[in-house]
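In case you want the letters, here they are:
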Amino acid sequence: SYPALFYGVERRVCLKGEAMFDVAKDADHPFIVETFSYDIKVTGTCFDVFADEATGKYSVGLLDGSLLIQDKDARTVAKMKSNEILRLEGGMLAISRMENRDAYLWKEGVVSLTGMSFDEVLSSLERAYGVRIIMRRTTVPPVHFSYLKFRVSDGIEHALRTLRRRCDFSYEYDEGKGVYYID
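What you see is a predicted model; the values in this text were computed from it and never measured. (Residues numbered from 1 in each chain as written. Predicted model: local features only at pLDDT ≥ 70, side-chain atom pairs only at ≥ 80, totals over all residues. Heavy atoms only, no water.)

Caption draft 1: The sheet that holds strand β9 (residues 84-89), seen in detail. The five strands lie next to each other as β2-β5-β6-β9-β10, forming an open sheet whose pairing is antiparallel. Sheet topology places β2 (17-23) and β10 (92-97) at the edges, where each strand pairs with a single neighbour. Taking each pair of neighbouring strands and ignoring which way they run, the sheet shows an average axis angle of 15 degrees. As paired strands, β2 and strand β5 (residues 45-52) are joined by seven bridges and run antiparallel to one another. Along β5, the bridge assignment pairs Gly17 with Ala51. (Pairing = 2+ DSSP bridges. Helix = DSSP H or I, 4+ residues; strand = E, 2+ residues; numbered from the N terminus. Axes fitted to C-alpha atoms, helices over the stretch in contact; angles between N-to-C directions.)

Caption draft 2: Geometry of the sheet that holds strand β3 (residues 31-34). Here we have five strands laid out as an open sheet, ordered β1-β3-β4-β7-β8, and mixed in their pairing. In this open sheet, the two edge strands, each paired with only one partner strand, are β1 (11-14) and β8 (76-81). Taken over all neighbouring pairs, the strand axes of this sheet differ in orientation by 20 degrees on average, direction set aside. Note: strand β4 (residues 39-42) against strand β7 (residues 66-70), three bridges, orientation antiparallel. Each bridged residue has a counterpart across the sheet, and for Asp39 the counterpart in β7 is Gln70.

Caption draft 3: Fine view of the pattern of salt bridges. Throughout the structure, instances matching the rule amount to twelve salt bridges. The partner of Arg127 in a salt bridge is Glu18, and the shortest N-O contact between them spans 3.7 Å. Linking Arg127 in helix α1 (residues 118-129) with Glu18 in strand β2, this pair joins segments that are 109 residues apart in sequence. The class for Glu18 is partly exposed, based on a relative accessible area of 31%. Here Asp154 and Arg151 are joined by a salt bridge, their closest N and O atoms 3.1 Å apart. Among the ionic contacts, a cluster of salt bridges with common partners joins Glu10, Arg12, Glu34, Asp39 and Lys72. (Salt bridge = Lys/Arg side-chain N within 4 Å of Asp/Glu carboxyl O. Buried < 20%, exposed > 50% of the residue type's maximum accessible area, 1.4 Å probe, protein only.)

Caption draft 4: A look at the environment of Lys16. Looking at where Lys16 falls in the secondary structure, it is placed in the loop between β1 and β2. When the C-alpha positions of Lys16 and Met80 are compared, they lie 21 Å apart, and in sequence the two are 64 residues distant.

Caption draft 5: Quick peek at a positive patch on the surface. A contiguous patch of positive charge on the surface is contributed by Arg161, Arg164, Arg165 and Arg166. Mapped onto the elements of the fold, Arg165 is located in the loop between α2 (156-164) and β14 (171-174). Exposure remark for Arg165: the relative accessible area of 64% places this residue in the exposed category. (Patch = residues over 30% accessible without salt bridge, like charges linked within 9 Å, V, L, I, M, F, W, Y side chains within 5 Å. Areas by Shrake-Rupley, 256 points an atom, 1.4 Å probe, with all protein chains shown as cover. Lys, Arg positive; Asp, Glu negative; His and termini not counted. Charge placed at Lys NZ, Arg CZ, Asp CG, Glu CD.)

In structure tokens, the structure reads:
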């Protein structure tokens, strides 16, 4: 959520979910992204924030520029540089080098599943296509690809058919419930 017009000293938005920001540099009016966990303060940069309070997942991918991560008392708890990823893991913040920018192609309508486990693949497909996917099988199929991307415009059926050729699973769609089941 954000105001129709920014006024005052700072530009502040509140985020639940994922968003990509490309913020114009304005040192006199810092841009603040408020989330359930930590806030991000920036004067001009390009970054992605994923903040899901229900699952406790929080990450910031900094594509260009620099960021300050702040606690709810506006104290800086981490500083980020270009091509870094910050994750909240076990209650601790961890910063690592961004090896691949493919995870941020969603803003261009592309879903990249490169380097993901099967569970992560399903979560990514749910977010990208706005569907619900339920795993009914007891074992998670191994992933047999190192590189895989889809255009969102090709649809979930295309993504599942292509993925099925690379992983051992079947699926069915319950139109009444609007749910895909993985068997």
